Amino acid sequence: MGNRVDQLRKRTAELDLPKIGLHDLRHTAASIMIAAGIPLAVVSKTLRHSNLAITVDLYDHLLKDSADDAVVALAAALDRADADMAGQAGSPVGHRFGKAA
């Protein structure tokens, strides 16, 4: 492992980049994967966490945005389904959440 750290320090110095540790790079990679919508189970396996709970505990502050995005996507899908139902010729009146539209 020491050789990898030495290589990292050498390369960052050559490029005049700020010092960054392997842990920081690992956290950055995890943050990028989560922001890109990679399933948390895949992120967890990539990081070699022993279980998904560890990943959730470490990165749950990043998951709020993902949860908000999921709610927006679900609402949009329901709206499209309502529009499709309402647009079908001869179909009953469109319903949303069990109530008449």
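Structural data are supplied above this passage.
The structure presented is a predicted model; accordingly, all values stated were derived computationally and were not measured. (Residues numbered from 1 in each chain as written. Predicted model: local features only at pLDDT ≥ 70, side-chain atom pairs only at ≥ 80, totals over all residues. Heavy atoms only, no water.)

Caption draft 1: Just the overall build of the protein chain, in detail. Broken down by element type, the protein chain carries four helices and two strands. Sequence-ordered secondary structure for the protein chain, helices as α and strands as β, is α-α-α-α-β-β. For the protein chain, the proportion of contacts with a sequence separation of at least 24, taken over those separated by at least 6, is 18%. Accessible surface computed for the protein chain: about 7800 Å², of which carbon and sulfur atoms make up 61%. (Helix = DSSP H or I, 4+ residues; strand = E, 2+ residues; numbered from the N terminus. Contact = heavy atoms within 4.5 Å. Areas by Shrake-Rupley, 256 points an atom, 1.4 Å probe, with all protein chains shown as cover.)

Caption draft 2: How the structure looks around the pattern of salt bridges. Under the criterion given, the structure shown has one salt bridge. Across the pair E14 and R11 runs a salt bridge, and its minimum N-O distance is 3.2 Å. One end of the pair, E14, and the other, R11, are both in helix 1 (residues 2-14), three residues apart, so they sit about a helical turn from each other. The class for R11 is partly exposed, based on a relative accessible area of 42%. (Salt bridge = Lys/Arg side-chain N within 4 Å of Asp/Glu carboxyl O. Buried < 20%, exposed > 50% of the residue type's maximum accessible area, 1.4 Å probe, protein only.)

Caption draft 3: Inspection of the nonpolar core at higher detail. With seven residues, the main nonpolar core is built from A30, M33, I34, L40, V43, L47 and Y59. Where this core is concerned, the elements lending two or more residues are helix 2 (22-35) and helix 3 (40-47). When sequence neighbours within four positions are dropped, the list of residues in contact with L47 reads R26, A30 and Y59. (Core = buried A, V, L, I, M, F, W, Y, C linked by side-chain atoms within 4.5 Å.)

Caption draft 4: Quick peek at helix 2. Over its 14 residues, helix 2 extends 20 Å from the first C-alpha to the last, a length consistent with the 20 Å expected when each residue adds 1.5 Å. The set of residues buried in helix 2 consists of A30, M33 and I34. Across the axial projection of helix 2, the buried residues extend over an arc of 100°, all falling on one side. Turned more than 90 degrees away from the buried face of helix 2, the exposed residues are I32 and A35. Looking one or two places after helix 2, you find G37, whose phi comes out positive at around 85°. (Expected span 1.5 Å × (residues − 1). Arc of directions from axis to C-beta.)

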